[in-house]
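Examination of the molecular architecture
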Amino acid sequence: MPTVEGTLCLTGHHLILSSRQDNTEELWLLHSNIDSIEKRFVGSVGSIIVKCKDLRVIQLDIPGMEECLNIASSIEALSTLDSVSLMYPFFYRPMFEVIEDGWNSFLPEAAFKDLESMTDEWRLSEVNKDFSVCPSYPPLVAVPKDVDDDTLRKVATFRHSGRFPVLSYYHKKNGMVMMRASQPLTGTNGRRCKEDEKLINATLRPGKRGYIIDTRTINVAQQAKARGGGFESEANYPQWRRIHKALERSNVLQESLIKLVEACNDQSHSMDRWLSKLEASNWQTHVKEILTTACLAAQCIDREGASVLVHGTEGTDSTLQVTSLAQIILDPACRTIRGFQGLVEREWLQAGHPFQQRCAQSAYSNSKPRQEAPVFLLFLDCVWQILRQFPCSFEFSESFLVLLFEHAYASQFGTFLGNSTAERAKLSLPEKTVSLWSWVNRPQELERLTNPLYEANSLVIWPSVAPQSLLLWEGVFLRWNRSSKCLDEAYEEMVHIIEYNKELQNKVNTLRRQLAQLETEDPLLQTP
Amino acid sequence: MEFSDHIKTANVDDVVLRQPLHPPSRGTVCITGHHLLFSDRDEGSSRQVLLLLRNIDAIEKRISGSSGTITIKCKDLRVLHLDIPGMEQCLNIAHSIETLSCLDSVSEMYPFFYRPPDLSLHNQWGLSSPEKHYSQIKELHDKWRLSTVNSDYSLCPSYPPAVIVPKSTDDDLLKKVAKFRQGGRFPVLCYYHRKNGMVIMRSSQPLTGANRKRCREDEHLLQAMIDGSDKGYIIDTRSSQQAQQARLTGGGFESKSSYSHWKRLHRQMERGKALQESLIKLVEACGDESHNMDRWLSKLENSKWLSHVQTALSTAGLLAECVERDGHSVLVHGSEGTDSTLLISTLAQLIMDPCCRTLEGFLALLEREWVQAGHPFQQRCARSAYSHARLQQESPVFLLMLDCVWQVWRQFPLALGFSEALLLRLANEVYASNYGTFLCNSHQERCALGVTENTHCLFQALLRPMERDYYSNPLYEPTELAIWPSVHPQSLQLWRGFFLRWTEHTRLLEEAQEEIRNMVIEWGKLALSDALSMNT
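This is a predicted model, so every value here is computed, not measured.

Here we come to the environment of Asp170(B). Residues and elements named next belong to chain B. Following the sequence through the fold, aspartate 170 ends up in the loop between strand S9 (163–166) and helix H3 (171–180). When its relative accessible area of 46% is taken as the criterion, aspartate 170 is described as partly exposed. Distance from aspartate 170 to valine 12, taken between C-alpha atoms, is 64 Å for residues 158 residues apart in sequence.

Here is the structure:
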């Protein structure tokens, strides 16, 4: 990156660097994007190294020691503000015309309308309308028609944090479903809950078995009993087959991310060192395990023709990775730009993935990790792997995934603030902030995010999960270390060719139509 | 001995062919002198596989009951399984493949029999030659000349008959220099950098030996090369320790005292057996089916292949930097000057010279720097990664070069006029081919066997209109600038298109590339018809 000289300006929410030349771009950096800073002094010149959550690293050389220290302490303070209501989205006013308010684009009612057109076996329950049954669920959830709200209340007391089984996906092709929940609270005594059994059995066809995919190993699930958790025993759930997978939990994932980013920034020119560090970070292993589990869930539904219930412990992390990726595999609608927004909205935001906790810090932070974990980033990485393997089957391009990664960690929009629908409602986000989707769903932005190679593919797409077929996501992890100029140029060239191709095809069609018209109008031109 | 003596069973029916990505199919196997042919019996979905026996690297037999399975592992890394009914037939087929796939006699190889209707043996052979190269670069004519001192190959058996040398050196001097360089490979010009008049020469190591023998003529030749300039660089593709050790076996390096105007840079590049073993390990890793990420990454690391790619690219980068940025001429050599020397001189030219980045220019570069410069293709490519035979002179230097070119192509998708498909095709052709281009080890050997008269030229064939379309890069935008590839380990990737080509993983990517290609072809046609409709 070239060196730029200019004036630095700090505002309440931004770090702005504007070069002294005119017409050059200014750097606007959200304080909330800053993960950590380092100070260095050489004589009276101080350097501040700003490390961002989107993995960018910027060095500021500031003349004057005192000024440098002042700037540093301001950045430190402003980038770690705890109060949500002081965040930038509450102050941001859109400079664009909102065509469609993103806060209303993906309401559960609308999604349920689609479901109703396919089946009448489900209903939309309002049992959680005041968030009292399950604080992390939205007010409306889809449940089997035959299960009433009282039953749901009882089931909620039997599931970790009240996350009773709800519908995640209905597979139109064969009517099979995917549900998600948290672990059952069986505890050491093997407590059971008839209502819970009734609820999930209500989703089975007569004589059919279902699969429970537990994202923990059998050992971890056993150990959970000691802390009041547990799993569905064969005795009480005879119609269900349990499969245990080993998806890592938050703190392990965060460490993996830190190691990976450190490896990517390694300046030593040793190939062995790079490959060992990549291996030691375990990141690619996590990608592979998550994809494998998602394929398993999709396989149970599509190939075995069975319904599936997915959960781990809390049902807010690995569970959502599996259910959302399985839908990418199974459902062509999720591979469109709008469909993918809907998926993120349903399976992550409304399903109660605690974005604020998980994305408070990223790979450069020096503070002790609390609840941080790159769960969503891993999901995006997995989607990128599928997109790379099926380059024509997605309506959106890689840049949409990178955009979602950036906004999950720092944004002017309110979409990823808060940890649940309840928190978002309490903060009045829909009234006080702008939705990311309002910005994305405008023609100029959609155009930028569209995959020029897209050809709607109505099939189920099975990604290869062999380690040899999974790649490091360069677009995120090596984004700031490599010059992408040549790759960007090639991409633009390709887009240009495709556009021109379309234009010419249209022209040809018009000419053909004109010719046909002339032929019908003028009998002399008609060929005998 | 006739081919037919090796074929006890020429046809077997009811054979099942199993291959990744395809459903099993049942059909007939037929063995000829040069081919294994499998053809499907189904008329609807007929499938034929025609395999050059030369392409077969190893076979494995498994007999169970009265039938057997032959696993065929090819040099292009494809693996096929044939289930053959009848033990005897199975053994016969296996025996024929084993014998016919490693016939030693070059003149019995398929290129001498390949006669496609659309090619004539009278067509021009090859794209470039030292003579043509010399005549194309007018700027050279002042200070450089074309010498035919090697016209009977007596000075240097591995050089072509004509070479480009400084004008101030006469043939008698060259004769003396040749004696002082291993294999007679005296320094010759391989590249002239138009921007600043600097050159790249290549040779083999000087035979200084333990007594530090000198050769005034060699020193004179090198001095003539940098004529007028204050200094030149020598890039030695061995570590300084290796170069020291070479003195014990009669080799050596250019000492500071005798070559005072030259600065020597040592870069250790892996050669020979180590490179072949690296390829074997890499291919084994790629075929690993354990589904374990750690295992895959450690095997990839252990194979060291990507380290070799990195070293080759960074040494070529160094060479190009000396010439383009530092403005000095460079002499490149290792020991024999037939492997790593050619690898980096080729890559450096690709980095600096836009002419080498067109389809035609790249093929001409390969012809000059590999075929004519005497890379011993026959020895290096006799076997590939699956062979069980003891290693002799095999080494995938050419393949490593193609991999490095692929890395450059990946980093600069617009700058090269050819596509990945060309690199894949070349990677196949070099191990088993219908064409004569990669036969033998030197120009002399090819001449003795009449290769140019009796076989067809691959490079000419690749430039026929249909093929040219297929192997061109649809996104090509020529640039005059040098293209400097990043050699950070993070920037280099496994060449999946080649190494994982026959597994599921790359198929869809090929489809996407096909899609782009079709679009561009369509675009060309439409643009043409558009232009026509505007004119009328």
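There's more to say after this.
It is worth spelling out the nonpolar core at this point. Within the largest apolar cluster, 199 residues are counted, with the highest numbers of intra-cluster contacts made by Phe340(A), Phe477(A), Leu426(B) and Phe499(B). When neighbours within four sequence positions are excluded, Phe340(A) is seen to be in contact with Ile328(A), Ala333(A), Cys334(A), Phe379(A), Leu380(A), Val383(A), Phe396(A), Phe400(A), Leu401(A) and Leu404(A). Among the nonpolar cores identified, the runner-up in size contains 30 residues, and Val133(A), Leu167(A), Leu204(A) and Leu309(A) belong to it.

To continue, consider the interface of chain B and chain A. On the side of chain A, 51 residues touch chain B, which itself brings 48 residues to the contact. For the pairing of chain B and chain A, the buried interface totals around 4400 Å² over both sides, and the portion due to carbon and sulfur atoms is 64%. One can count two salt bridges joining chain B with chain A. Between Glu474(A) and Arg410(B) there is a salt bridge, with its nearest N and O atoms 3.6 Å apart.

Attention shifts here to the UniProt feature "domain: Myotubularin phosphatase" (unreviewed entry) in chain A. When the UniProt feature table is mapped onto this chain, "domain: Myotubularin phosphatase" (unreviewed entry) is found at residues 102–477 of chain A. Strand forms 9% of residues 102–477 of chain A and helix 44%; the C-alpha atoms that close the span are 29 Å apart.

The next point concerns the sheet that holds strand S10 (residues 176–180) of chain A. Residue and element names in this part refer to chain A. Taken in spatial order, the five strands line up as S9-S10-S13-S11-S12 in an open sheet, and their pairing is mixed. Here the strands that pair on one side only, and so sit at the sheet edges, are strand S9 (166–171) and strand S12 (240–244). Averaged over all neighbouring strand pairs, the angle between strand axes comes to 20 degrees, with direction disregarded. Of the pairings in the sheet, the one linking S9 to S10 comprises five bridges and is antiparallel in character. Paired with leucine 167 across the two strands is methionine 179, which belongs to S10.

Within helix H7 (residues 271–281) of chain A the residues assigned to the buried category are Met271(A), Trp274(A), Leu275(A), Lys277(A), Leu278(A), Glu279(A) and Ser281(A). In the core, the buried residues of H7(A) are packed alongside helix H6 (250–264) and helix H8 (283–302) of chain A together with helix H7 (293–303) and helix H8 (305–325) of chain B. Within two residues after H7(A), Asn282(A) carries a phi angle of roughly 65 degrees, on the positive side.

Quick look at the environment of Arg464(B) now. Residue and element names in this part refer to chain B. Relative to the assigned elements, arginine 464 resides in the loop between helix H16 (458–462) and helix H17 (465–471). Counting along the chain gives 16 residues from arginine 464 to alanine 448, while the straight-line C-alpha distance between them is 28 Å. Once residues lying within four places of it in the same chain are set aside, the contact partners of arginine 464 are Asp118, Leu119 and Tyr435.

Before going further, it helps to examine the sheet that holds strand S13 (residues 262–266) of chain B. Residues and elements named next belong to chain B. The sheet built from five strands is open, its strands ordered S10-S11-S14-S12-S13 with mixed pairing. The open sheet has two edge strands with one neighbour each: strand S10 (188–193) and S13. Direction aside, the axes of adjacent strands within the sheet are offset by 20 degrees on average. With five bridges connecting them, strand S12 (residues 232–236) and S13 associate as parallel partners. Across the sheet, isoleucine 234 pairs through a bridge with arginine 264, a residue of S13.

Take the pattern of salt bridges next. Oppositely charged side chains are able to pair whenever their charged atoms sit close together. Counting across every chain of the model gives 49 salt bridges over all chains. Among the salt bridges present, the one from Glu262(A) reaches Lys277(A), with a minimum N-O distance of 2.9 Å. Of this pair, Glu262(A) sits in helix H6 while Lys277(A) sits in helix H7, and the two are 15 residues apart along the sequence. When its relative accessible area of 45% is taken as the criterion, Glu262(A) is described as partly exposed. Sharing partners across several salt bridges, the network here consists of Asp118(B), Arg425(B), Glu429(B), Arg464(B) and Glu467(B).

Residue and element names in this part refer to chain A. Here chain A is described as being made up of domain 1 (7–81) and domain 2 (108–481). On a C-alpha basis, the centroid separation for the pair domain 1 and domain 2 is 36 Å. Taken together, the contacts link 12 residues of domain 1 with 18 residues of domain 2. Roughly 1200 Å² is buried in total at the junction of domain 1 and domain 2, and carbon and sulfur atoms are behind 63% of that figure. Ranking the residues of domain 1 by area buried against domain 2 places Asp35, Lys53 and Leu55 at the top, with a combined share of 51%. Counting across the interface, domain 1 meets domain 2 through zero salt bridges. At the boundary of domain 1 and domain 2, one finds nine residue pairs in polar contact (both at pLDDT 80 or more). At the level of secondary structure, the elements contributing two or more residues to the side of domain 1 that touches domain 2 comprise strand S4 (34–42) and strand S5 (45–52).

So, about the side chain of His34(B). Residue and element names in this part refer to chain B. Looking at where histidine 34 falls in the secondary structure, it is placed in the loop between strand S2 (22–31) and strand S3 (35–40). Looking at histidine 34, its side chain comes within polar contact range of the main-chain oxygen of glutamate 108, at 2.7 Å. Sequence-distant contacts of histidine 34, that is, excluding residues within four places in its chain, are made with Phe3, Leu51, Leu52, Leu53, Glu108, Met109, Tyr110 and Phe113.

Turning to the domain arrangement of chain B, a few remarks are in order. All names here are of chain B. Each domain of chain B was delimited in the assignment, giving domain 1 (3–103) and domain 2 (130–489 + 506–519). Summarising the inter-unit geometry, the C-alpha centres of domain 1 and domain 2 are found 36 Å apart. Of the roughly 1200 Å² buried where domain 1 meets domain 2, counting both sides, 59% is carbon and sulfur surface. Across the contact surface, domain 1 and domain 2 share zero salt bridges. For the pair domain 1 and domain 2, the interface holds six residue pairs in polar contact (both at pLDDT 80 or more). When residues of the side of domain 1 that touches domain 2 are traced back to their parent elements, those giving at least two are strand S5 (56–64) and strand S6 (67–74). Tallying contributions element by element places S5 first for the side of domain 1 that touches domain 2, with three residues. Split into classes, the residues belonging to the side of domain 1 that touches domain 2 amount to seven nonpolar, one polar and seven charged.

Quick look at the state of the cysteines now. Structurally, a disulfide amounts to a covalent bond that connects the sulfur atoms of two cysteines. Tallied over the full model, the rule gives zero disulfides over all chains. No disulfide involves Cys392(A); its sulfur sits 19 Å from the nearest other cysteine sulfur, which is in Cys334(A). On the basis of relative accessibility, which here comes to 17%, the residue Cys392(A) falls in the buried class. Unpaired in this structure, Cys355(B) has its nearest cysteine sulfur neighbour in Cys356(B), at a distance of 6.6 Å. A residue is classified by how much of its surface remains accessible, and Cys355(B), at 47% relative accessible area, is partly exposed.

Moving on, we come to the packing of aromatic side chains. Under the counting rule described, the total for this entry stands at 33 aromatic pairs over all chains. Both rings, one in Phe106(A) and one in Trp437(A), keep their centres 6.1 Å apart while their planes meet at 80 degrees; by these two values the pair is edge-to-face. On the criterion of sequence distance, the pair formed by Phe106(A) in the loop between helix H1 (65–79) and helix H2 (108–116) and Trp437(A) in helix H16 (residues 436–440) is long-range, its members being 331 residues apart. Each of the two residues, Phe106(A) as well as Trp437(A), counts as buried. Their ring planes at 35 degrees and their centres at 4.7 Å tell us that Phe340(A) and Phe396(A) sit as a pair that is tilted. Here Phe340(A) is found in helix H10 (residues 337–350), whereas its partner Phe396(A) is found in the loop between helix H12 (375–389) and helix H13 (398–409), with 56 residues between them in sequence. The exposure classification of Phe340(A) matches that of Phe396(A), with both residues buried. These aromatic residues form a ring-pair network of at least three members: Phe340(A), Trp348(A), Phe355(A), Phe376(A), Phe379(A), Phe394(A), Phe396(A), Phe400(A) and Phe416(A). Here the basic side chain of Arg325(B) rests over the ring of Trp484(B), its NZ or CZ set 4.2 Å away from the ring centre.

Conventions and cut-offs
- Residues numbered from 1 in each chain as written.
- Chains lettered and ligands numbered in written order.
- Predicted model: local features only at pLDDT ≥ 70, side-chain atom pairs only at ≥ 80, totals over all residues.
- Heavy atoms only, no water.
- Helix = DSSP H or I, 4+ residues; strand = E, 2+ residues; numbered from the N terminus.
- Buried < 20%, exposed > 50% of the residue type's maximum accessible area, 1.4 Å probe, protein only.
- Core = buried A, V, L, I, M, F, W, Y, C linked by side-chain atoms within 4.5 Å.
- Contact = heavy atoms within 4.5 Å.
- Buried area = accessible area lost by both parts, 1.4 Å probe.
- Salt bridge = Lys/Arg side-chain N within 4 Å of Asp/Glu carboxyl O.
- UniProt positions renumbered as here; feature names shortened; annotations may be inferred.
- Pairing = 2+ DSSP bridges.
- Axes fitted to C-alpha atoms, helices over the stretch in contact; angles between N-to-C directions.
- Domains from an automatic or database assignment.
- Polar contact = N/O pair within 3.5 Å; in protein donor to acceptor, adjacent residues only side chain to side chain.
- Nonpolar A, V, L, I, M, F, W, Y, C, P; charged D, E, K, R; others polar.
- Disulfide = S-S within 2.5 Å.
- Phe/Tyr/Trp six-rings, centres within 6.5 Å; stacked < 30°, edge-to-face > 60°.
- Lys NZ or Arg CZ within 6 Å of the ring centre and 35° of its normal.

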